[in-house]
Amino acid sequence: MQAANNTVVTINYMLTDDQGNILDRSTENGFAYLHGAHDIIPGLENALTGRSAGAELKLSIPPEEAYGTRDEKLTQVVALDAFDSPEKVEPGQQFHAQSESGKPIVITVAAVNSNEITIDCNHPLAGETLNFDLTILDVRPATEEEIAHGHAHDANHTHHH
Ligand code: ZN
């Protein structure tokens, strides 16, 4: 079976940046996603379309096909006293928040000085070329429930949300 819309594809992968740092990798049982539901980055989904179990791919996905390019307008300076525990705010910290449209976003502390901090609302991987070394473990038809939910469930049909 080939990866196509409404199939569940399970992959083993290792993700590295252009410096060779490992950013992420699948767990022992692989990572399953619903193909065609935009649950993964476009460059990865497109590269997997039409592939079958056993395929091994090395991909280099540019930011435009991954988490987008950086937008400097998404960097803001805010007063340090807007934070509950300003003494604990350090560069590199990340906070989970929601965008104005309700999407989950990650805010990264870019810089801290005596009374203000610079926050960066770009996705942490914006501007990065993502290098995937992956193997397709399985491709199967999605269940109606998975299609309705827009994501894959594991073999026991429990939820991964
Ligand atoms: Zn579900």
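Located above this text is the structure these notes cover.
What counts and how
- Residues numbered from 1 in each chain as written.
- Predicted model: local features only at pLDDT ≥ 70, side-chain atom pairs only at ≥ 80, totals over all residues.
- Heavy atoms only, no water.
- Helix = DSSP H or I, 4+ residues; strand = E, 2+ residues; numbered from the N terminus.
- Buried < 20%, exposed > 50% of the residue type's maximum accessible area, 1.4 Å probe, protein only.
- Contact = heavy atoms within 4.5 Å.
- Areas by Shrake-Rupley, 256 points an atom, 1.4 Å probe, with all protein chains shown as cover.
- Lys, Arg positive; Asp, Glu negative; His and termini not counted.
- Charge placed at Lys NZ, Arg CZ, Asp CG, Glu CD.
- Core = buried A, V, L, I, M, F, W, Y, C linked by side-chain atoms within 4.5 Å.
- Pairing = 2+ DSSP bridges.
- Axes fitted to C-alpha atoms, helices over the stretch in contact; angles between N-to-C directions.

> How should the overall build of the chain be read in this particular structure?
Along its length, the chain carries two helices and nine strands. Along the chain, helices (α) and strands (β) appear in the sequence β-β-β-α-β-β-β-β-β-β-α when read from the amino end. When the backbone C-alpha atoms are referred to their principal axes, the chain occupies close to 60 × 35 × 25 Å. Within the chain, the proportion of its 161 residues that are buried is 32%. Sequence-distant contacts, at least 24 apart, represent 62% of the contacts inside the chain between residues at least 6 apart. Surface summary for the chain: the accessible area is close to 9800 Å², and the carbon and sulfur share equals 48%. Computing the positive centroid from 8 side-chain charges and the negative centroid from 25, the chain places the two 4 Å apart.

> Is there a simple way to explain the nonpolar core in this structure?
In globular proteins that are soluble, nonpolar side chains generally tend to be buried together. Grouped together as the largest cluster of nonpolar side chains are 21 residues, with contacts concentrated most on Leu-44, Leu-48, Phe-132, Leu-134 and Ile-136. Of all the secondary structure elements, the ones that give two or more residues to this core are strand E1 (7–16), helix H1 (42–48), strand E4 (56–61) and strand E9 (130–141). The element contributing the most residues to this core is E9, with five residues. If you look at the next biggest cluster of nonpolar residues, it comprises seven residues, including Leu-80, Val-89, Ile-107 and Val-109.

> How should I be thinking about the sheet that holds strand E7 (residues 104–112) in this particular structure?
Each strand in a sheet pairs with its neighbour through backbone hydrogen bonds, running either in the same direction (parallel) or in the opposite one (antiparallel). Spatial strand order, E5-E8-E7-E6: four strands in an open sheet with antiparallel pairing. In this open sheet, the two edge strands, each paired with only one partner strand, are strand E5 (75–79) and strand E6 (94–98). Put simply, the sheet's adjacent strands are angled 35° from each other on average, direction ignored. Examined bridge by bridge, E5 and strand E8 (residues 116–120) share five bridges and lie antiparallel to one another. Across the sheet, Val-77 pairs through a bridge with Thr-118, a residue of E8.

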